[in-house]
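# Coordinates in review
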Amino acid sequence: MILPHINEIASLCAAHGITQAIVSPGSRSASISLAFENHPEIDVKVVADERSAAFIGMGIAQQLRRPVALICTSGSAVYNYAPAVAEAYYQEIPLLVITADRPPEWIDQYDGQTIQQEGIFGNHIKASLSLPVDLSHSDAKWHSNRLVNQAILVSEKYPKGPVHLNVPIREPFYPSEGDKYEYPATRRIKASKTERTLSEDSWKELLNVWQKTQSRLLVVGQLEPDSDLTESLTLLQSKANLTIINEVTGNQQDIEKAIGKQDLFLQGQLKIQNPDLLITFGKSLISKNLKIFLRKNPPKHHWHIKEGNRLNDGLQHLSNNLDLSPTYFASELTKRVSAENHSDLNLDWFKMEQEASRKSGEYIKQSDFGELKAVYSILQQIPANSQLHLANSMAVRYANFVGIRAKGVEVFCNRGTSGIDGSNSTAVGAALASGKLTTLLTGDMAFLYDRNAFWHGYDLSNLRIIVLNNAGGGIFGMIKGPKSQSSYQKLFQTEQPLTAKLTAKEFGFEYAKVKNEDRLNDELKEFFKSSASPKIIEVFSDPRKNEEIFTAYKAYCLGL
């Protein structure tokens, strides 16, 4: 039996421009999966593991900047979406999470694959909606249509994010022999797109503050790549007295005079004046040193520019929360400010950046081989105009210390919740959606945790993975606290003997094992070239040696 209201979900998704769906197989969800599979405008990919499927869907949505539909059966399958849903919520990535459910009379009756699914994602979802189970009345059909429209529109409204559409289905839900899938015209509800701009009076107020300030910092947190923003910020910095601090996930590496080594020189007790004006863009910051510095050195004014109504006062000095796109703000500000000479504060930041860059390069070149030197070599050779995905823990921190040299490299990392789960899957989704060369830099724990990202038959020949294998959770030896505990080895280091070799063999990846600098550089010569298969380089190192190198590196860059 084909259920028309289920077909309508697929039709409405297509009408709203949703062209990608990730399905995890199940019986209760069969009618939904079949409706999407048979729709001519929707590309369905099947990923068996719901946790990986959700992160793959998120990676695709991240690239397309459009919602992706996730479809799974009832019961614990739904809960497996939770990590990716939380990550998408804080990264503000649109997802339409469609879960099949038992009809309400069977909830809490010990029926198979039946749990309480309504509101299951708690506070980490933009909206949670349930379709009516009985659609015999015309009002119920109207209600169902309205809810599906609402779910899609809410997912795309700033701040974008995941929306849960729970679909209770009674049997029979499989088509009968001879049934044909038809998708008649459906009622799509449109919503106007708000162009957020500032009035002239508001601009006058901001420019009045701008003109009264001498020392200004602009800090770029996590942002999706935007060449227009980079162009505007480059012009703004050349024209105005402004220091731009870019974290690696801010995607402003192509600004020639952007500060990028702040994590190194801000670890000491700096004698540097407070900025009069602090402007921040985007979401999370990686550098704890930078956050501490900005909290302890309050500016006279702090403007945060980000679309949506979510208030971000993490630096504790916010004066203006501006619901604007950073690109619009930077472009308009550049047009409105006058040319200025650079201040002493601007020159001080630039001098510290140059000195930290010089010392960083000196130390890494003469240091023993380990994770730091390996990451430096990798990021020196990553191709221009490619994508770099960073796992959490040490991979993203190393990258933030070392920086990226090539132009046009787009950087992504799951910094919404900063978990290690889903790093592989997000990179897989990005590789499938973008078609670009996609490199994942990850640790052994994050890699092994998410091996089901590759459990499907889709072409990943543009994917490159570098695994930093220190046989455990290396980050806990790098931060204060864990190592001083008597149970450090047991509870934090999580020593494990596994490698990526068998995973590579299982899923048809080219594989190379590396234990020294010469071998790594030899492998990198061919690693980024086109191939019929994805590739893995696994870099082995001693965690204790890595800790020694990293501690000495930070001290050397401070001149200690």
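Quick note: structure is the one above.
Quick look at the structure, then. It should be emphasised that the depicted structure is a prediction, and the values quoted were computed from it without experimental measurement.

### Considerations on the sheet that holds strand 15 (residues 463-469)
With parallel pairing, 6 strands are arranged side by side in an open sheet as 13-12-14-15-17-16. The open sheet has two edge strands with one neighbour each: strand 13 (410-413) and strand 16 (510-514). On average, each strand axis in the sheet is inclined to that of its neighbour by 15°, with strand direction left out of account. Two elements, strand 12 (residues 387-390) and strand 14 (residues 438-443), share 4 bridges in a ladder whose sense is parallel. Among the inter-strand pairings, Leu-388 is bridged to a residue of strand 14, identified as Thr-439. Helix 14 (residues 394-402) contacts strand 12, strand 13, strand 14 and strand 15 of the sheet and is inclined by roughly 130° relative to strand 12.

### Concerning the environment of Gln-381
Considering the arrangement of structural elements, one finds Gln-381 in helix 13 (residues 371-381). A relative accessible area of 32% means that Gln-381 is categorised as partly exposed. Sequence separation of Gln-381 and Phe-527 is 146 residues, and the distance between their C-alpha atoms is 10.0 Å. Excluding residues that lie within four positions of it along the chain, Gln-381 makes contacts with Asn-521, Leu-524 and Phe-528.

### A short note on the nonpolar core
Residues Trp-349, Leu-390, Leu-441, Ile-537, Val-539 and Tyr-553 are the most contacted members of the largest nonpolar core, which totals 62 residues. Ranked by the residues each element gives to this core, the list is headed by helix 14, at 7 residues. Of all hydrophobic cores here, the second largest spans 40 residues; its members include Ile-22, Leu-70, Ile-93 and Leu-440.

### Looking at the pairing of strand 9 (residues 277-281)
Burial runs high along strand 9: 5 of the 5 residues are buried. Going residue by residue along strand 9, you find Leu-277, Ile-279 and Phe-281 tucked away on one face and Leu-278 and Thr-280 tucked away on the opposite face as well. Relative to strand 9, strand 7 (residues 216-220) is paired through 5 bridges, and the arrangement is parallel. Considered in strand 9, the bridge of Val-220 is made with Phe-281. This β-α-β element, strand 9 to helix 10 (residues 288-296) to strand 10 (residues 301-305), shows right-handed connectivity.

### Description of the packing of aromatic side chains
Counted by the stated rule, this structure contains 19 aromatic pairs. For the pair Trp-203 and Phe-329, a centre-to-centre distance of 5.6 Å together with 20° between the ring planes defines the contact as stacked. In this pair, Trp-203 is assigned in helix 7 (residues 200-212) and Phe-329 in helix 11 (residues 326-336), connecting sequence segments 126 residues apart. Measuring from ring centre to ring centre gives 5.7 Å for Phe-293 and Trp-349, while their planes differ by 85°; the resulting arrangement is edge-to-face. In this pair, Phe-293 is assigned in helix 10 and Trp-349 in helix 12 (residues 344-366), connecting sequence segments 56 residues apart. Pair check on accessibility: Phe-293 and Trp-349 agree, each one buried.

Reading guide: rules and limits
All residue numbers refer to position in the chain's written sequence, counted from 1. Two thresholds apply to this predicted model, a pLDDT of at least 70 for residue-level local features and 80 or more for giving and counting side-chain atom pairs, whereas whole-chain, interface and lining totals are computed over all residues. Excluded from the side-chain calculations are hydrogens and water; all other atoms, namely the structure's heavy atoms, are used. The rule for pairing is simple: two strands pair if DSSP sees at least two bridges between them. Think of it this way: any DSSP run of H or I at least four residues long counts as a helix, any run of E at least two long counts as a strand, and we number them from the N terminus. Note on definitions: angles span 0 to 180 degrees between N-to-C directions of axes, and those axes are lines fitted to C-alpha atoms, for helices only across the stretch in contact. We call two residues in contact when some of their heavy atoms are within 4.5 Å. Think of it in three bands: with a 1.4 Å probe and only protein chains considered, a residue is buried below 20% of the maximum accessible area for its type, exposed above 50%, and partly exposed in between. Residues belong to a common nonpolar core when they are buried Ala, Val, Leu, Ile, Met, Phe, Trp, Tyr or Cys residues joined through side-chain atoms within 4.5 Å. A crossover gets the label right-handed when its path from the first strand over the helix to the second runs clockwise, viewed with the strands pointing away from the viewer. Each Phe, Tyr or Trp ring (for Trp, its six-membered ring) is paired with any other whose centre lies within 6.5 Å, and the angle between the two planes then decides the class: stacked below 30 degrees, edge-to-face above 60, tilted in between.

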